[in-house]
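Structure at a glance
Given next are the chains, with one letter for each unit.
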Amino acid sequence: MGLVVAGGTGTLALLVTGCSIGGAGRLASGESDTTVTITPATGTAQVKPDGTIEVKADGGKLQNVTVQGAGATITGKYGEGHKTWRSSRTLTPGTSYTVTAQASGGGKTRTATSSFTTLKPSETLSIVDVTPNLTGEKVGVGMPIFVRFNRPVTDKAAVERTLHVTPDKPVEGAWRWVGSDQVIYRTKTYWQPHQTVRFQADLAGVNAGGGVYGAKDARANLTIGASQITTGDIGDHHMTVTRDGKKLRTIPFSAGNGQTREFTTTSGVHLLMEKGNPVTMTSPGRKEGDAGYYKTVVNYAVRFSNSGEYVHSAPWSLGSQGSANVSHGCLNVSPANAKWFYDIMQRGDVIKLTGSDREVEWDNGWSVFQLPFDKWREGSALR
């Protein structure tokens, strides 16, 4: 018994107008009542990347279907009785693919193939940055995942469906779009410490709207370190640092003097964003000669907002640390405590402050936990 390969009439749904749908060819001589149809058929060009590969066996049973090509790995699912097979994801644009199908019929197994190419669009969508993604970095239990694209996304829902976050220790989370080209993932509660979180974007071939297709997939792994939580009372001038629930140290500080809103340290749940040694700090919105202008170089600075708030070394305010608030908004600590805090801190560690009348905004730095989770996920395109 032989095996016949036929071009599929369903190819039209995958093609740009005017493209050929291919033909049929016999693989072996002799009569055969087993026919395999592969769509797109051999020779098809400009297949839309968001199309579907279909394989059908008439009079036989599919044993194995593989798809070879550069870019995204294409897998699929068999239908009832292994009579059909459909690809389960989109295709990489501008790529040549070969589909190989093995089917059995009349006691024989034969192999059928179809080779085709996908459309190469004039514009593609790519992920240009995933934060955090530094080799060897451990991050804190509050760490969001920031994803930025190379262009505005028209169909946010289609793109968001391709984004997957898989922690070793599951926890509920959601995406929120914060612009046309950036989306952020945060958990409802914090991550469990000491685990790996895997980010995967099956973006290749996704129709992102306006004739733009996803260029390629993206992957990133996050390593969640210890649960380091700092809590402080601005009015009490002290903060306590814990690691995995155990107290490490209580540190006296001097916070913002509160003379203006600018010089008031924010209350709320902050996340540590970055650290530097040294860091040059200047008064926002003022130039040299203006009243209130300052330019100061500080050591062991750990940032926790976009409004210029840091924990840093301040040997000039040692007499006020633990008893009075005299800073411009930062948490002034001793050189020894500043170095200790700087050395142990991870991006995404939590610092929760109370005691001031200025609440940190949820989008001031990484203060995403300031927004209730139900409100946060309203920013998802899939709500």
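Scoring rules and cut-offs
Residues numbered from 1 in each chain as written. Predicted model: local features only at pLDDT ≥ 70, side-chain atom pairs only at ≥ 80, totals over all residues. Heavy atoms only, no water. Helix = DSSP H or I, 4+ residues; strand = E, 2+ residues; numbered from the N terminus. Rg over C-alpha atoms; globule rule 2.2 N^0.38 Å. Buried < 20%, exposed > 50% of the residue type's maximum accessible area, 1.4 Å probe, protein only. Pairing = 2+ DSSP bridges. Axes fitted to C-alpha atoms, helices over the stretch in contact; angles between N-to-C directions. Polar contact = N/O pair within 3.5 Å; in protein donor to acceptor, adjacent residues only side chain to side chain. Salt bridge = Lys/Arg side-chain N within 4 Å of Asp/Glu carboxyl O. Contact = heavy atoms within 4.5 Å. Phe/Tyr/Trp six-rings, centres within 6.5 Å; stacked < 30°, edge-to-face > 60°. Lys NZ or Arg CZ within 6 Å of the ring centre and 35° of its normal. pLDDT = per-residue confidence, 0-100.

Observations regarding the overall build of the chain
Scanning the chain from N- to C-terminus turns up 3 helices and 31 strands. The C-alpha atoms of the chain give a radius of gyration of 29 Å, which is well past the 21 Å a tight globule of 383 residues would have. Considered along the principal axes of its C-alpha atoms, the chain spans approximately 100 × 45 × 35 Å. Counting the 383 residues in the chain, one finds 49% classified as buried.

Points about the sheet that holds strand 15 (residues 173-179)
Taking strand neighbours across the sheet as the criterion, the 4 strands line up as 11-13-16-15 in an open arrangement whose pairing is antiparallel. Edge positions in the open sheet fall to strand 11 (127-131) and strand 15, since each of these has one partner strand only. Going from strand to strand, the sheet's axes swing by 20° on average, the running direction of each strand aside. By the bridge criterion, 6 bridges tie strand 15 to strand 16 (residues 182-187) in an arrangement that is antiparallel. If you follow W177 over to strand 16, its bridge partner there is V183.

Things to note about the side chain of S356
By the secondary structure assignment, S356 is in the loop between strand 31 (350-354) and helix 3 (373-376). Polar side-chain contacts of S356 include one of 2.9 Å to the side chain of S267. Here R358 takes part through its backbone oxygen, which lies 3.2 Å from a polar atom of the side chain of S356.

Things to note about the pattern of salt bridges
Inspection of every chain in the model, using the stated rule, returns 15 salt bridges. Close ionic contact of D217 with R89 constitutes a salt bridge, the shortest N to O distance being 2.8 Å. One end of the pair, D217, is in the loop between strand 19 (212-214) and strand 20 (218-224); the other, R89, is in the loop between strand 7 (84-87) and strand 8 (96-105), with 128 residues separating them in the sequence. We classify R89 as buried; its relative accessible area is 16%. Between R261 and E361 there is a salt bridge, and its shortest N-O distance comes to 3.3 Å. Of this pair, R261 sits in the loop between strand 23 (246-252) and strand 24 (268-271) while E361 sits in the loop between strand 31 and helix 3, placing them 100 residues apart in sequence.

Quick look at the sheet that holds strand 10 (residues 124-125)
The strand order across the open sheet built from 3 strands is 10-19-18, with neighbouring strands paired in mixed fashion. The open sheet has two edge strands with one neighbour each: strand 10 and strand 18 (207-209). Looking at chain direction, strand 18 and strand 19 are connected through 2 bridges and run antiparallel. Its bridge partner lying in strand 19, N207 is registered against Y213.

Description of the environment of T109
Within the element layout of this structure, T109 appears in strand 9 (residues 108-117). For the pair formed by T109 and A338, sequence separation is 229 residues and the distance between their alpha carbons is 72 Å. If we skip the residues at most four places from it in the chain, T109 touches Q102, A103 and S104.

Let's talk about the packing of aromatic side chains
All told, the structure shown has 9 aromatic pairs when counted by the stated rule. Each residue in the set W175, Y185, W191 and F199 is aromatic and connected to the rest through ring pairs, giving one cluster. Just above the ring of W177 sits the side chain of K156; from NZ or CZ to the centre is 5.7 Å.

Description of the pairing of strand 14 (residues 163-167)
Only one face of strand 14 is covered, namely the face carrying L163, V165 and P167; the face carrying H164 and T166 is uncovered. Sheet topology note: the strand 14/strand 17 (residues 195-201) ladder contains 5 bridges and is antiparallel. If you follow P167 over to strand 17, its bridge partner there is V197.

What to know about the environment of C330
Position of C330 among the secondary structure elements: in the loop between strand 29 (310-313) and strand 30 (331-333). Taking C-alpha positions, C330 is 73 Å from R110, a pair spaced 220 residues apart along the chain. When neighbours within four sequence positions are excluded, C330 is seen to be in contact with S254, A255, G256, T265, M281, G308, E309, Y310 and H312.

A few points about the side chain of S367
Inspection of the secondary structure puts S367 in the loop between strand 31 and helix 3. Ignoring any residue separated from it by four or fewer positions in sequence, one finds S367 in contact with V269, H270, V360, E361 and W362.

Details of unusual backbone geometry
Following T131, the chain continues to P132 via a peptide bond in cis, the omega torsion being 5°. Along the chain, the position of P132 falls in the loop between strand 11 and strand 12 (138-139). The step from N277 to P278 runs through a cis peptide bond, and the omega angle for that step is 0°. By the secondary structure assignment, P278 is in the loop between strand 25 (274-276) and strand 26 (279-282). Backbone geometry places H82, a non-glycine residue, at a positive phi of 55°. The exposure class of H82 is partly exposed, given its relative accessible area of 28%.

Looking at the confidence of the model for the chain
Per-residue pLDDT for the chain has a mean of 91; in total, 91% of the residues score no lower than 70. Segment residues 1-31: pLDDT under 50, and 80 contacts once partners within four positions in sequence are set aside and those in other chains are kept.

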